[in-house]
Amino acid sequence: MPNKQETTIDKTNASSNPFKNSRVSILNKIMPILLFLCAIVSVFTTIGIVITLLSETVNFFREIPIFDFLFGTKWSALIEPKQFGILPLLAGTLMITSIAIIVALPIGLASAIYLSEYAPDKVRRIVKPILEVLAGVPTIVYGYFAISIITPIIQFIFPSAGVYNALSAGIAVGIMIIPMICSLSEDAMSAVPRSLRDGAYALGATRFEVALKIVVPAAFSGIVSSAVLAFSRALGETMIVSLAAGSTPTLTFNPLDSIQTMTAYIVQVSLGDIAHGSIEYGSIFAVGMTLFVFTFLLNILAQYISRRFREEY
Amino acid sequence: MSTLIEAKDLNLFYTDFHALKNVNLTIPEKAVTAFIGPSGCGKSTLLRTLNRMNDMIAGTRIEGKLTISGTDIYSQEVDVETLRKKVGMVFQQPNPFPKSIYDNIAYGPRLHGIKSKQKLDEIVETSLKSAALWNEVKDHLKRSALSISGGQQQRLCIARALAVNPDILLMDEATSALDPISTLKIEELVQDLRDKYTIVMVTHNMHQAARVSNQTVFFLNGEVVEYDDTEKLFSNPEDQRTEDYISGRFG
Amino acid sequence: MNIFHDANRKQIANRRVKDKSLHMIFLLATSVGIIALTVLLVDIIIDGWSNLSPDLFTNFPSRKAEDAGMKSGLVGSMYIMLILVPLSFILGVGAAIYLEEYAPKNKLTRLIQLNISTLAGVPSIVYGILGLALFVRMLSLQKSLISGALTMTLLVLPIIIVAAQEAIRAVPRSRRDASFALGATKWQTVSRSVLPSSLPGILTGVILAASRAIGETAPLIIVGASTYVAFLPKSLTDAFTAMPIQIYNWISRPQVAFKDLGASAIIILLAILILLNITAVIIRNKYQKNI
């Protein structure tokens with residue numbers, strides 16, 4: 001607030017009560033309330049998310065029985081006869097997420113161990129910013145990477161693979177979450193006190209033995225929670241799967257098939273012109289709700305793990 | 001007493017800092033040698049050179065020769081893992097692993113290839129007995145090592161070091177974080193251990209050096225000023241600086 | 001005599017081999033990320049470099065790849081930033097000040113704090129759904145620029161709040177004491193002493209949030225950003241598009257010419273992101289010493 005005002009007020013008030021400055025104290029009283037309102041926006045965001053998802057989902061379930069939604073094995077929202085069994089979308093999502101985790105967990109963990117236990121300072125100072133850059137690349141760019149590089153390679157190796165396939169999208173999502181697993185796990189490993197490493201080295205352990213038997217167990221909760229967070233991130237990833245995995249909701253276990261994830265379905269519907277109040281409109285919210293519940297539970301789980309099993313070295 | 005460790009014209013640099021200057025020193029076998037001197041004098045640095053823990057600090061450079069039972073420990077002849085198996089170390093702060101008491105002791109032997117449960121049990125028992133801790137913990141070996149007191153933890157760390165059957169035991173101000181009673185127990189333990197092990201201890205406490213050691217080495221600014229039988233060094237030092245230090249005029 | 005004699009050298013040699021080979025494996029794994037980034041950049045530059053021309057900035061999208069540009073996308077993204085940056089700055093910094101300086105230690109505060117960290121993990125597409133229901137339908141803002149900008153603001157808010165909280169927390173206690181000792185009120189202390197000291201950290205957070213928002217695609221699709229807009233929005237409630245939407249549209253087409261155009265647009269997007277990040281680093285380095 002401008003200086004000028006207060007100096008003039010100081011003068012006018014000086015005569016009445018030298019210990020009271022009314023304008024300043026009003027500001028002092030109003031600001032906390034305004035700031036509180038800013039802070040409460042985030043709570044309203046959450047409430048808004050829950051209410052909108054819930055109310056539209058309830059509407060949706062008035063037309064589609066919840067049992068059919070949860071256990072139906074056919075999803076055909078845009079083509080008659082319309083069917084809304086979410087299992088194919090769920091299977092597609094889990095397939096992508098599993099491929100991503102299979103790619104990212106070993107690589108992310110191995111990089112974290114390398115950076116925290118092996119890498120000389122110089123290397124660490126170069127590699128960590130590169131990983132940060134990798135984490136900051138928009139997912140749409142990873143989507144381009146999937147269709148222009150990964151898919152052709154997969155098609156070269158497996159000629160039966162389609163233009164759109166789960167494997168390509170899964171690998172791209174995996175590459176996207178490597179930095180997340182790596183940097184969160186590395187944080188957890190770096191937090192393991194030097195003295196524990198010294199204790200093991202002094203017994204004649206090699207660096208690998210220190211990493212595997214001392215550092216990884218001591219940082220285990222941090223590592224697990226990083227994996228859970230990455231899993232949740234992969235679950236909600238949208239653009240890569242919309243571009244590379246296809247839009248055919250099929251219940252398949254073949255990663256070379258075209259599939260559809262929950263997120264890709266929401267995008268597909270949104271790109272078309274859907275009437276407010278229609279069954280397709282409602283299905284966005286039902287699918288969104290399913291996705292939200294999954295990611296929300298995973299995030300709570302990650303927080304629980306890192307808090308409950310916090311290491312007391 | 002025969003010589004076990006010998007340093008000849010040993011120099012150590014941390015990047016630009018000259019931390020040890022022309023150290024010449026012999027350390028006798030099966031005896032307690034104490035390193036004393038004001039902080040930053042190089043006593044801990046020399047100790048950490050004996051099991052090559054300094055290797056892990058980037059920019060460390062060593063010149064000269066350091067032999068243990070005649071073998072140059074910085075030569076290709078000795079793997080650093082072998083060296084550290086033979087030269088155990090106990091640190092300033094007790095640093096038990098966040099594992100059970102049993103697993104703490106068994107960690108080293110397992111590294112070095114001992115798998116049989118029976119043999120491990122035996123090692124755990126003898127090591128804990130040697131460290132005078134067996135009676136206190138024998139009924140809860142599966143309990144977390146972090147649940148016992150600080151003094152017990154430090155004796156556990158000594159037991160852990162003994163479990164890989166070393167010849168030399170390095171103690172880096174091993175009692176400085178402990179209360180007087182725990183300190184006394186460790187000092188008594190050191191007396192018991194010196195028949196079997198060569199012990200080198202860094203201490204910030206001159207009285208401790210006088211109480212437990214056979215030989216004392218006085219360091220100042222990275223140099224070894226004087227070393228001698230403990231009794232002689234404390235009663236009749238040759239160097240004026242030693243006398244000033246032990247009479248409390250500086251440090 | 002020699003104490004090293006009885007050592008089991010073979011066992012130790014085996015362990016050393018294991019250590020060395022795993023060292024190589026870990027190094028290899030680490031290079032995967034770096035290789036991926038390199039391949040990605042090289043591929044995009046090969047595909048997109050030759051199409052980079054002023055037309056890309058000045059032309060509207062077109063059915064013919066050689067005439068197409070992303071003027072509407074660039075301007076749309078810029079407008080979104082013009083709304084998002086000040087709005088999220090005020091809300092985010094306000095929330096951070098409240099939580100760090102004013103909030104009592106009670107259940108509500110803990111709830112707000114927990115809520116912020118949970119929100120950071122909500123998938124961006126869910127924000128899109130919220131925006132669709134709240135701004136597009138309930139507030140009848142339609143599929144408009146303002147709907148998109150407000151949705152994105154909610155999305156980046158947790159990022160700014162967390163960054164601002166860290167920056168405020170880093171201001172030493174003594175600064176506050178000095179201000180109070182001169183008779184300043186709480187608000188005077190916060191606004192004149194704490195905020196200026198934490199501003200570099202806050203700005204870094206705002207820039208990071210902006211670079212997150214500029215590349216986000218999914219929420220904008222859900223709130224109805226159009227993929228083909230051949231005009232510039234004139235008011236807040238006009239239809240709009242944004243850079244990543246334009247990119248999505250181009251690279252999802254089967255024709256190679258459009259894919260390459262998408263690659264060119266990605267080059268521009270990445271260039272903007274790099275510029276933003278360099279700015280953040282410069283701010284961080286320049287003011288780090290003064291805190």
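Please read all numbers here as calculations on a predicted model, not as lab measurements.

## Side note on helix H8 (residues 194–201) of chain A
Point 1. Restricting attention to buried positions, one finds in H8(A) the residues Arg197(A), Gly199(A), Ala200(A) and Tyr201(A).
Point 2. Here the buried face of H8(A) lies against helix H9 (207–218) of chain A together with helix H2 (80–86) of chain B.

## Focus on the pairing of strand E7 (residues 168–172) of chain B
Residues and elements named next belong to chain B.
Point 1. The buried fraction of E7 is high, at five of five residues.
Point 2. Neither face of E7 is open: one carries Ile 168, Leu 170 and Asp 172, the other Leu 169 and Met 171, and all of them are buried.
Point 3. As paired strands, strand E6 (residues 87–90) and E7 are joined by four bridges and run parallel to one another. The partner of Gly 88 across the bridge, within E7, is Leu 169.
Point 4. The pairing of E7 with strand E8 (residues 198–202) spans five bridges and is classified as parallel. Looking at E8, one finds that Asp 172 is bridged to Val 202.
Point 5. In terms of handedness, the path from E7 via helix H7 (residues 180–193) over to E8 forms a crossover that is right-handed.

## What to know about the nonpolar core
The tendency in soluble globular proteins is for nonpolar side chains to be buried side by side.
Residues and elements named next belong to chain A.
Point 1. In terms of nonpolar packing, the biggest core is built from 259 residues, with Ala 172, Ile 181 and Ile 240 touching the most fellow members.
Point 2. Take this core: its biggest share by element is 18 residues, from helix H4 (residues 87–118).
Point 3. The contact partners of Ile 181, leaving out residues within four places of it in the chain, are Ala 104, Leu 105, Gly 108, Leu 109, Ser 226, Ala 227 and Ala 230.

## Some details on the packing of H4(A) against H9(A)
All names here are of chain A.
Point 1. The geometry of H4 relative to H9 is characterised by a closest axis approach of 11 Å and an angle of 115° between their N-to-C directions. The orientation of H4 with respect to H9, classified from their angle, is roughly perpendicular. Here H4 runs over H9; the crossing is right-handed. Taking contact as the criterion, the partners of Ile 113, Ser 116, Glu 117 and Tyr 118 in H4 are, on H9, Arg 207, Val 210, Ala 211 and Val 215.
Point 2. When grouped by side-chain class, the residues that make up the contact of H4 with H9 number five nonpolar, one polar and two charged.

## Section: the sheet that holds strand E5 (residues 71–72) of chain B
Residue and element names in this part refer to chain B.
Point 1. One open sheet holds the four strands; their spatial order is E2-E1-E4-E5, and the pairing between them is antiparallel. The open sheet has two free edges, formed respectively by strand E2 (17–28) and E5, since each of these has just one partner strand.
Point 2. Sheet analysis places strand E4 (residues 60–68) next to E5, joined by two bridges and oriented antiparallel. Of the residues in E5, the one forming a bridge with Ile 68 is Thr 71.
Point 3. Helix H1 (residues 43–50) rests against strand E1 (3–14), E2 and E4 of the sheet, and its axis sits at about 65° to E2.

## A short note on the interface of chain B and chain A
Point 1. Taken together, the 19 residues of chain B in the interface contact 18 residues of chain A.
Point 2. Mapped onto the side of chain B that touches chain A, the elements with two or more residues apiece are H2, E6 and helix H3 (101–111) of chain B.
Point 3. Residues belonging to the side of chain B that touches chain A are distributed by class as follows: ten nonpolar, six polar and three charged.

## Looking at the confidence of the model for chain C
Point 1. For chain C, per-residue confidence averages 89 on the pLDDT scale, and residues scoring 70 or more make up 98% of the total.
Point 2. Reported confidences for the modelled complex are a pTM of 0.88 and an ipTM of 0.93.

## Thoughts on the domain arrangement of chain C
Residue and element names in this part refer to chain C.
Point 1. For chain C, the assigned domains read domain 1 (9–51) and domain 2 (54–288).
Point 2. One C-alpha centre belongs to domain 1, the other to domain 2, and the line joining them spans 34 Å.
Point 3. Counting residues at the interface gives five residues for domain 1 and seven residues for domain 2.
Point 4. Along the lines of polarity and charge, the residues of the side of domain 1 that touches domain 2 split into two nonpolar, two polar and one charged.

## Some words on helix H4 (residues 117–130) of chain B
In an α-helix, one turn spans 3.6 residues; hence positions three or four apart end up facing the same way.
Residues and elements named next belong to chain B.
Point 1. Between its terminal C-alpha atoms H4 stretches 20 Å, which fits the 20 Å expected from 14 residues at 1.5 Å a residue.
Point 2. For H4, every residue scored as buried is listed here: Ile 123, Val 124, Ser 127 and Leu 128. When H4 is viewed along its axis, its buried side chains cluster within an angular range of 120° and face the same direction. Projecting away from the buried face of H4 at angles above 90 degrees are the exposed residues Gln 118 and Lys 119.
Point 3. Here the buried face of H4 lies against H3, helix H5 (134–137) and helix H6 (150–162).
Point 4. At the C-terminal side of H4, Ala 132 shows a positive phi close to 55°.

## A look at the interface of chain A and chain C
Point 1. With 68 residues of chain A in contact, the opposing surface of chain C contributes 69 residues.
Point 2. Sorting elements by how many residues they give to the side of chain A that touches chain C places helix H2 (residues 22–63) of chain A first, with 21 residues.
Point 3. Tallied by class, the residues present in the side of chain A that touches chain C amount to 46 nonpolar, 20 polar and two charged.

Cut-offs applied
- Residues numbered from 1 in each chain as written.
- Chains lettered and ligands numbered in written order.
- Predicted model: local features only at pLDDT ≥ 70, side-chain atom pairs only at ≥ 80, totals over all residues.
- Buried ≥ 20, exposed ≤ 12 C-beta atoms within 10 Å, placed from the backbone.
- Helix = DSSP H or I, 4+ residues; strand = E, 2+ residues; numbered from the N terminus.
- Contact = placed C-beta atoms within 7 Å.
- Pairing = 2+ DSSP bridges.
- Right-handed = clockwise from strand over helix to strand, strands pointing away.
- Core = buried A, V, L, I, M, F, W, Y, C linked by C-beta atoms within 7 Å.
- Axes fitted to C-alpha atoms, helices over the stretch in contact; angles between N-to-C directions.
- Parallel < 35°, antiparallel > 145°, perpendicular 65-115°, else oblique.
- Left-handed = near helix turned anticlockwise from the far one by under 90°.
- Nonpolar A, V, L, I, M, F, W, Y, C, P; charged D, E, K, R; others polar.
- pLDDT = per-residue confidence, 0-100.
- Domains from an automatic or database assignment.
- Expected span 1.5 Å × (residues − 1).
- Arc of directions from axis to C-beta.

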